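A look at the structure
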Amino acid sequence: MMESHHYAVHGCLKFLSVSVWNENNEQNLLQHLLSKDELWPVFAVPNFSLTKASGHQKFVALIDKLISKIGIDRVIAGCGLPNPSLPEKNQEVASSAWLAAEILCTWRWPGSSAVSTFLPLLSAYAKRSNCSQESLLDETLSILLDGSLVYGGNGTKSLVSMWPVPADEVEGVEEPFLRALVSFLSALFKEKIWGPEKASNLIELLVNKLFLGEAVNTNCLKILPLLINILLEPLYGYVEPGTGVQHCSVEERFLQNTMIDWLERALSLPPLVTWKTGEDMEDWLQLVISCYPFGTIGGPQALKPVRSISSDERKLLYKLFQKQRHVAGGSAMFNQLTVVQMLLSKLMIVSVGYCWNEFSEEDWDFFLSNIRSWIQSAVVIMEDVAENINGLVDSSSDNLNVMCQKIEKIILISDPFPIKISENALLSFLLLLKHCKLQQTEERENLNTFKSEKLDSVKDRILEGVLRLLFCTGMSEAIANACCKEAASVIALSRVEYTHFWDLVAFGLLIPHHKLEIKQ
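The rules we used
- Residues numbered from 1 in each chain as written.
- Predicted model: local features only at pLDDT ≥ 70, side-chain atom pairs only at ≥ 80, totals over all residues.
- Heavy atoms only, no water.
- Helix = DSSP H or I, 4+ residues; strand = E, 2+ residues; numbered from the N terminus.
- Buried < 20%, exposed > 50% of the residue type's maximum accessible area, 1.4 Å probe, protein only.
- Contact = heavy atoms within 4.5 Å.
- Areas by Shrake-Rupley, 256 points an atom, 1.4 Å probe, with all protein chains shown as cover.
- pLDDT = per-residue confidence, 0-100.
- Axes fitted to C-alpha atoms, helices over the stretch in contact; angles between N-to-C directions.
- Parallel < 35°, antiparallel > 145°, perpendicular 65-115°, else oblique.
- Left-handed = near helix turned anticlockwise from the far one by under 90°.
- Nonpolar A, V, L, I, M, F, W, Y, C, P; charged D, E, K, R; others polar.
- Phe/Tyr/Trp six-rings, centres within 6.5 Å; stacked < 30°, edge-to-face > 60°.
- Salt bridge = Lys/Arg side-chain N within 4 Å of Asp/Glu carboxyl O.
- Core = buried A, V, L, I, M, F, W, Y, C linked by side-chain atoms within 4.5 Å.

Here we take up the overall build of the chain. In terms of regular secondary structure, the chain is built from 21 helices and 10 strands. Per-residue burial for the chain yields a buried fraction of 51% across its 520 residues. In the chain, once contacts between residues fewer than 6 apart in sequence are set aside, the share between residues at least 24 apart is 78%. Of the roughly 24,100 Å² that the chain leaves accessible, carbon and sulfur atoms contribute 53%.

Here it is, written out as structure tokens:
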């Protein structure tokens, strides 16, 4: 059946591009070509299952060509089926949302993808503001959100961050509905088709779906952090957080109260360092982390918080940070679980960004010792690479191709965790350096310089680690270059995979360094 659709669309492409039909005949033809059957669509159906997906990418590729030939408006208008819940004038377009959702969920097809062709065309179509286009977007959102709430719970953990997921990283979301939803929302808010009011309404909608009676909707909790990333961006300008909110609308108050509730729920959980393998307790903390975004426009030097939070919110966030170093009987023991370390590293960024003024000497000691440890884990990797490159060049008599292949194996990072967590540590450290710089220009009457000397020593050792990272990769490239330029190029190109990490390393050495002074 799918094969017959292929031939039909091929014929339609040729026919519609050269023929002049009246509108009714064109719509009848398109409705016939895009009609649903047992194999089509794959995603926009009540009982979604990838097991029946056979050849649908090729079919979507043909639809994509059809859209590029005759225009998205004609295809959208031609595939609509009646929807009794909508006004008659909106029927045609809004009921075509299933096709938009289907293409977005398919994501990639031979020769193109949803991001490269379909989303830009859909955005341009949506900008022709009228109620039918808005109905199409709302219906598409409803399909993608419903699918994400059912299937999306497993596709989020690795991407939860303090800033919206970049377009090239959306690929990391494996679940089709959630990936489509993230890209769909990102595009509409980026193009300002939807604005702050829509973002606020969607947050309230998601908050209302978070509970089923008294029980937590687990799937909603798992996808919420990734969506909050996107929905917060239209609500806040890129400003430093103040000590309180001067003008608070009803929507802002709702958001603040919601985030305070989430902070209190996270505080009711045990400290991160007590978690064990098999426990699934990180979701509330992931959600809290996503509520404190940072602006990165302008690169690492422009990194700063973008929300202005209330003093109550700040106190709870600081309390959550403190809880991570306070466990029964003394200070926190180091927990080697990667999920624990990654979450702690993200909480460090949020805490030093939004409530650093609350930190005591013990807080800074805990903060800096973890930062140093995480950066050191990347230093060890880079030192091993440099040592192995040196040994290879000294002892090898291989030809150029063999030499480059061996270098590629040496520089391959099989486990990216040390680099990723070191990247988070560098972000925290850069925020600290910016705070230290700001501190130098302010009053120091209540500062204890003597207590800060110990912490400054730790800060200097962290800077030494950052310098060693840069030295090791430079040394590896120089050693390889002594052998041949091609070998050096292999090492240089290996840094592209972790561009953000190396940008942070470089900026950490360029930013002016100031003493860290602790309030009494």
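Let us now look at the confidence of the model for the chain. Mean pLDDT over the chain stands at 81; residues scoring 70 or higher make up 76%. At the level of individual helices and strands, the chain shows its lowest average pLDDT in strand E9 (residues 447-448), which scores 43, and its highest in helix H14 (residues 311-323), which scores 95. Every residue in residues 81-86 scores below 50 in pLDDT, and together they form 10 contacts with partners more than four places removed in sequence or on other chains. Below pLDDT 50 for its whole length, residues 89-94 participates in 24 contacts with residues either more than four positions away or in separate chains.

Although it is not a glycine, Trp-107 sits at a positive phi angle of roughly 75°. Position of Trp-107 relative to the elements: it lies in the loop between helix H6 (97-106) and strand E1 (108-109). Take Trp-107: its relative accessible area is 4%, and that puts it in the buried class. For Lys-192, which is not glycine, the phi dihedral falls at a positive 60°. Of note, Lys-192 is situated in the loop between helix H9 (176-190) and helix H10 (196-209).

On to the packing of helix H3 (residues 56-70) against H6. Axis angle and axis distance: for two packed helices, these are the angle between their axes and the distance between the axes, and together they describe the pair. At their nearest, the axes of H3 and H6 sit 10 Å apart, and the two run at 120° to each other. Considered as vectors, H3 and H6 are oriented oblique to each other. In the crossing of H3 with H6, the sense of the turn from one axis to the other is left-handed. Mapping the contact onto sequence places His-56, Gln-57, Val-60, Ile-63 and Ile-67 in H3 and Leu-99, Ile-103 and Thr-106 in H6. Considering only residue class, the contact of H3 with H6 consists of five nonpolar, three polar and no charged.

This part covers the packing of aromatic side chains. This structure, assessed with the given rule, holds 15 aromatic pairs. Consider the rings of Phe-43 and Phe-177, whose centres lie 6.1 Å apart with planes at 85°: the pair is edge-to-face. Of this pair, Phe-43 sits in the loop between helix H2 (23-33) and H3 while Phe-177 sits in helix H9, and the two are 134 residues apart along the sequence. The residues Phe-43 and Phe-177 share a single accessibility class, namely buried. Summarising the aromatic geometry, the rings of Tyr-292 and Tyr-354 are spaced 5.3 Å apart at their centres and angled 70° between planes, so their arrangement reads as edge-to-face. Residue Tyr-292 is located in the loop between helix H13 (283-290) and strand E5 (294-295), and its partner Tyr-354 is located in helix H15 (residues 338-354); the two are separated by 62 residues in the primary sequence. Using a relative accessible area of 2% as the deciding quantity, one classes Tyr-354 as buried. Ring pairing ties together the aromatic residues Tyr-318, Phe-321, Phe-359, Trp-364, Phe-366 and Phe-367, which thus form one cluster.

A separate point is the pattern of salt bridges. Per the counting criterion, the structure on display carries 10 salt bridges. Ionic pairing is found between Lys-222 and Asp-283, a salt bridge with its closest N-O pair at 3.2 Å. One end of the pair, Lys-222, is in helix H11 (residues 218-232); the other, Asp-283, is in helix H13, with 61 residues separating them in the sequence. Across this residue pair, the class does not change: Lys-222 and Asp-283 are buried. We note a salt bridge from Asp-261 to Arg-265, for which the minimum N-O separation is 3.4 Å. Placement of the pair is Asp-261 and Arg-265 together in helix H12 (residues 250-267), with a separation of four residues, close to one helical turn. The structure contains a network of salt bridges with shared partners spanning Glu-134, Asp-138 and Lys-198.

With that settled, the discussion passes to the nonpolar core. One finds Trp-194, Trp-262, Tyr-292 and Phe-367 to be the most contacted residues of the largest nonpolar core, which totals 144 residues. Of all the elements, helix H18 (residues 417-440) adds the most residues to this core, at 11 residues. Beyond its immediate sequence surroundings of up to four residues, Trp-194 is in contact with Glu-134, Leu-137, Asp-138, Leu-141, Phe-184, Leu-185, Leu-188, Phe-189 and Leu-202. Grouped together as the second largest cluster of nonpolar side chains are 15 residues, Val-385, Ile-389, Met-403 and Ile-491 included.

Across the interface, H10 lies against H12 with an axial gap of 11 Å and an inter-helix angle of 35°. As for the relative orientation of H10 and H12, their crossing is left-handed in sense. Along its contact with H10, which presents Ser-200, Ile-203, Glu-204 and Val-207, the element H12 presents Glu-251, Phe-254, Leu-255, Thr-258 and Trp-262. Class assignment of the residues belonging to the contact of H10 with H12 gives a composition of five nonpolar, two polar and two charged.

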